[in-house]
Amino acid sequence: MSDPDRSRPGPFGLHTRAVHGPNPESSGPASTPIVHSATFGFDGLDALNEEQFKGRAGAYYQRVGHPTLYACEQRLASLEGAEAALLFSSGVAAVAAAFMAHLRAGDHVVALHQCYGGTHDLLEWGRERLGWQVTLVDAREPASWAAALRPGTKIFHVESPTNPMLCVIDLAEAATLARARGARLTVDNTFASPIGQHPLALGADLSIYSATKSIGGHSDLLAGVVMGSDAAIREVWRVRKTFGGLPGPDVAWQIERSLKTLPLRVAAANAQALELAKRLTAHPAVASVAYPGLEAHPGHVIAARQMSLGFGPVLSIDLRSAAAAEAMVNALTLFRHAPSLGGVDSLVGLPAHTSHIQLGADGRARAGIPEGCVRLSVGVEDVADLWADLEQALAKATVTV
Ligand SMILES: *Cc1c(COP(=O)(O)O)cnc(C)c1O
């Protein structure tokens, strides 16, 4: 396999690090042993303290960190080129821990209108309970961001590409702006995956994931990740230890196993998403296609510069009316109607009924989400089968309306 990412540190290429982890060993088990123990025994106080003071790297008590989890975290950090990675029991637990770690009561945070719905819920909760001051900016209007960031701003939180309209944020520009104001840039990199985009290398302080999506990749587990420097992660680890939301040994092992094929899965799904985006652009029932891999997309040039292995598995189409969108989703068979993305299995969803239901029709219009919007997450099935499914469903949607 060729390595699209030779600039990363260390002697091994991306695919080798995915399969073997950062420290390949030729002897011993080929698969990381699952250590189920909730606690660990020691010969004496010195040995106990030595292990305890290793923190997340120790085998001391499972809530602090545990060997199966730590092996997975090291493999994740190596894939992103981060000093450290921390796993959480969900993506929202990861975002919440990143915010809790770096915001005090009353601090100011700037985020995108287009952020994940759960992140909006978290910001609202922080506003209510912790006095966080929250300013939202539009992903499509980078010229407006500078005015929103003020001297007391502690976090600028972005996603790229965004859900569901795939707006692209220039991450290097966002990092420069945050740094100039003394704020940290946190990036929810779920849509791109840790190998499809490297926010830390572009100047971000933390990169955050729902590992439920591409990292897990098989629609069979819930988890989250935060990556960054040792110093930035130390505070996040304190939050994890305090609130206690981390995956157990079985899920940690499942995630590590998934990482071995992450580059293969991401490259395959991204290539199919681009192919389907092109075919959908030419289809008469489709008013427009939002996908950063298309040259006509407003964020294409930035995406081409900052993404690798393609442009992500998600694309959105506008079918001109809510009725047509609903008819299409009901007619699809291979694309499962389910609220997730980034897995080997193709999924479809109506943002007006799921991720963006709370915005209402007016809010969706302001966010640039048409009522005929259908979001597709493309998997690794045969592209001919996926296209046949889309064509038959589009035919039914056109007849219905
Ligand atoms: C799914 C998702 C989350 C939340 O992750 P969970 O694992 O469902 O808690 C956060 N951000 C983005 C961009 C997502 O797609």
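Everything discussed here concerns the structure shown above.
Quantities reported herein were computed from a predicted structural model and do not represent experimental measurements.

Criteria and thresholds
Residues numbered from 1 in each chain as written. Predicted model: local features only at pLDDT ≥ 70, side-chain atom pairs only at ≥ 80, totals over all residues. Heavy atoms only, no water. Pairing = 2+ DSSP bridges. Helix = DSSP H or I, 4+ residues; strand = E, 2+ residues; numbered from the N terminus. Contact = heavy atoms within 4.5 Å. Axes fitted to C-alpha atoms, helices over the stretch in contact; angles between N-to-C directions. Buried < 20%, exposed > 50% of the residue type's maximum accessible area, 1.4 Å probe, protein only. Disulfide = S-S within 2.5 Å.

### A look at the sheet that holds strand β8 (residues 288-290)
The sheet built from 5 strands is open, its strands ordered β8-β9-β12-β11-β10 with mixed pairing. The open sheet has two free edges, formed respectively by β8 and β10 (336-337), since each of these has just one partner strand. One ladder, built from 3 bridges, connects β8 with strand β9 (residues 314-318); its direction is antiparallel. Note that in β9 the partner of Ser288 across the bridge is Asp318. Packed onto the sheet, helix α10 (residues 262-281) meets β8, β9 and β12 (373-377) and runs at close to 10° relative to β9. Strand contacts of helix α12 (residues 322-331): β9, β10, β11 (347-349) and β12, with the helix running at about 30° to β12, the strand carrying the most contacts.

### Considering unusual backbone geometry
Residues Ser160 and Pro161 are joined by a peptide bond in cis, for which omega reads -10°. If you trace the backbone, Pro161 turns up in the loop between β4 (153-159) and α7 (171-180). Of note, the bond from Asn163 into Pro164 is cis; its omega dihedral lies within 30 degrees of zero at -5°. Backbone geometry places Ser193, a non-glycine residue, at a positive phi of 80°. One can find Ser193 in the loop between β5 (184-188) and β6 (206-210). Looking at Ser193, the relative accessible area reads 1%, which means it is buried. Residues other than glycine seldom take positive phi values, yet Ser219 does so here, at roughly 55°.

### Focus: the state of the cysteines
Tallied over the entire structure, the rule returns 0 disulfides. Cys167 provides the cysteine sulfur closest to Cys373, a residue in no disulfide bond, and the two sulfurs are 11 Å apart. According to the relative accessible area criterion, Cys373 is buried, its value standing at 4%.

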